[in-house]
Amino acid sequence: MNIGQKNALFIMALVALVLASVTVAGYFLIQSHVHAEIERDLGRAQRVFVEAQKHAFERMVTTARGISREPSLLAAASTGDAATVRGMLEDLYPRPGIDLLAVYLGSGADSAIAEGRKPHFTSPQVLASAPLQELLRQVASGAPVAYGNALVFDTFLRLAAI
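The structure reproduced in this document is the subject of the present report. Small disclaimer: the values here were computed from a predicted structure and weren't measured. (Residues numbered from 1 in each chain as written. Predicted model: local features only at pLDDT ≥ 70, side-chain atom pairs only at ≥ 80, totals over all residues. Heavy atoms only, no water.)

## Looking at the side chain of serine 129
Definition in use: Only DSSP runs of H or I with at least four residues qualify as helices, and only runs of E with at least two residues qualify as strands; both kinds are numbered from the N terminus onward. The buried label applies to any residue whose accessible area, calculated with a 1.4 Å probe on protein chains only, is under 20% of its type's maximum; exposed applies above 50%, and partly exposed to all values in between. Pairs of N or O atoms are called polar contacts if they sit within 3.5 Å, as long as, within protein, a hydrogen donor faces a hydrogen acceptor (for residues adjacent in sequence, only side-chain-to-side-chain pairs).
Note on placement: serine 129 falls in the loop between α4 (124–127) and α5 (130–140). Take serine 129: its relative accessible area is 14%, and that puts it in the buried class. There is a polar contact of 2.7 Å between the side chain of serine 129 and the backbone oxygen of valine 126.

Here's what the structure looks like:
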């Protein structure tokens with residue numbers, strides 16, 4: 001192999017090394033940029049989701065407060081008669097954004113009267129579920145309103161207790 005061929009081979013190897021280096025560097029720069037964009041988009045999506053949740057809870061709490069101030073429901077609840085309360089709930093339900101409307105006349109889940117969008121929402125298992133009972137405990141301890149999310153029967157529910 002003569003010196004011209006050796007120089008040509010050296011230059012070709014050097015060009016191949018430079019191209020490989022540029023490709024690897026470009027790959028890592030693009031990957032870094034893509035990951036930064038994904039993180040920024042996920043952060044923005046999380047902020048939008050949190051704001052949407054806040055607004056949904058505000059609307060739901062406003063609706064629930066309006067229902068809790070209904071004179072007919074207050075009068076029915078003061079009688080303690082389940083049939084009267086059930087009649088008032090049937091008149092008040094449905095309301096936009098509310099899947100389940102329950103009135104607890106006592107401290108236990110068996111004292112609950114409920115109307116719901118789906119029949120299984122008003123089942124004793126849902127009315128006695130831990131998320132609802134926790135909200136009721138918060139309200140019983142003096143909170144003006146308690147709200148949160150729950151996964152009940154594979155359905156994501158927003159819950160508010162007034």
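Still more to cover.
## Considering the pattern of salt bridges
Selection criterion: Salt-bridge detection follows one rule: a side-chain nitrogen of Lys or Arg within 4 Å of a carboxyl oxygen of Asp or Glu.
With the rule as written, the count across this model stands at four salt bridges. Arginine 40 is the salt-bridge partner of glutamate 37, the closest N and O atoms lying 2.2 Å from each other. Of this pair, glutamate 37 and arginine 40 both sit in helix α1 (residues 3–68), three residues apart, roughly one helical turn. A salt bridge links lysine 54 to glutamate 51; the nearest nitrogen and oxygen atoms lie 3.7 Å apart. One end of the pair, lysine 54, and the other, glutamate 51, are both in helix α1, three residues apart, so they sit about a helical turn from each other. Assessed through its relative accessible area of 38%, glutamate 51 is described here as partly exposed.

## Some details on the pairing of strand β1 (residues 100–104)
Using the following cut-off: At least two DSSP bridges between two strands are required for those strands to pair.
Among the five residues of β1, four are classified as buried, and the element is accordingly described as predominantly covered. Of the pairings in the sheet, the one linking β1 to strand β2 (residues 112–116) comprises five bridges and is antiparallel in character. When the sheet's bridge partners are listed, tyrosine 104 is paired in β2 with alanine 112.

## Section: the pairing of strand β3 (residues 146–152)
Consecutive side chains of a regular strand alternate in pointing toward one face of the sheet and then the other. Judged by which residues are buried, β3 turns out to be one-sided: Ala146, Gly148, Ala150 and Val152 face inward and are buried, whereas Tyr147, Asn149 and Leu151, on the alternate face, are not. Pairing geometry for β3 and strand β4 (residues 155–161), over seven bridges, is antiparallel. Residue pairing for β4: glycine 148 is matched across the bridge by leucine 159. Count of turn residues in the β3/β4 antiparallel hairpin: two residues, of which phenylalanine 153 carries a positive phi of about 50 degrees.

## Observations concerning the environment of leucine 92
To be explicit about the condition: Residue contacts follow a heavy-atom distance rule, with two residues in contact if any of their heavy atoms lie within 4.5 Å.
As for its position among the elements, leucine 92 is in helix α3 (residues 82–92). C-alpha of leucine 92 to C-alpha of isoleucine 67: the two residues are 25 residues apart in sequence and 7.5 Å apart in space. Residues contacting leucine 92, with those up to four places away along its chain left out, are Ile67, Glu70, Leu73 and Leu101.

## A short note on the packing of helix α2 (residues 71–79) against α3
Our working definition: The axes used here are C-alpha line fits, helices contributing only the stretch in contact, and every angle between their N-to-C directions lies in the interval 0 to 180 degrees. An angle counts as roughly parallel when it lies under 35 degrees, as roughly antiparallel when it exceeds 145, as roughly perpendicular when it falls between 65 and 115, and as oblique in every other case. Two helices cross in a left-handed way if the nearer one is turned anticlockwise from the farther one by less than a right angle. They cross in a right-handed way if the turn is clockwise. Residues were grouped as follows: Ala, Val, Leu, Ile, Met, Phe, Trp, Tyr, Cys and Pro as nonpolar; Asp, Glu, Lys and Arg as charged; and all remaining residues, including Gly, as polar.
In the contact formed by α2 and α3, the axes pass within 8 Å of each other and the chain directions differ by 160 degrees. Considered as vectors, α2 and α3 are oriented roughly antiparallel to each other. Classified by chirality, the crossing of α3 by α2 is left-handed. Side by side, α2 and α3 meet where Ser72, Leu73, Ala76, Ala77 and Thr79 of the first sit next to Thr84, Val85, Met88, Leu89 and Leu92 of the second. Taken together, the residues of the contact of α2 with α3 break down into seven nonpolar, three polar and no charged.

## Brief notes about the packing of aromatic side chains
So the rule is basically this: Between 30 and 60 degrees the pair is tilted, below 30 it is stacked and above 60 it is edge-to-face, where a pair is any two Phe, Tyr or Trp rings, Trp via its six-membered ring, whose centres lie within 6.5 Å.
In total, this model carries two aromatic pairs according to the counting rule given. On the basis of an interplanar angle of 70 degrees and a centroid distance of 5.4 Å, the ring pair of tyrosine 27 and phenylalanine 28 is categorised as edge-to-face. Residue class for tyrosine 27 comes out exposed when judged on its relative accessible area of 51%. Judged by relative accessible area, phenylalanine 28 falls into the partly exposed class, the value being 48%. Ring geometry for phenylalanine 57 versus tyrosine 147: centroids 4.8 Å apart, planes at 35 degrees, classification tilted. Of this pair, phenylalanine 57 sits in helix α1 while tyrosine 147 sits in strand β3, and the two are 90 residues apart along the sequence. For phenylalanine 57, a relative accessible area of 9% translates into the label buried.

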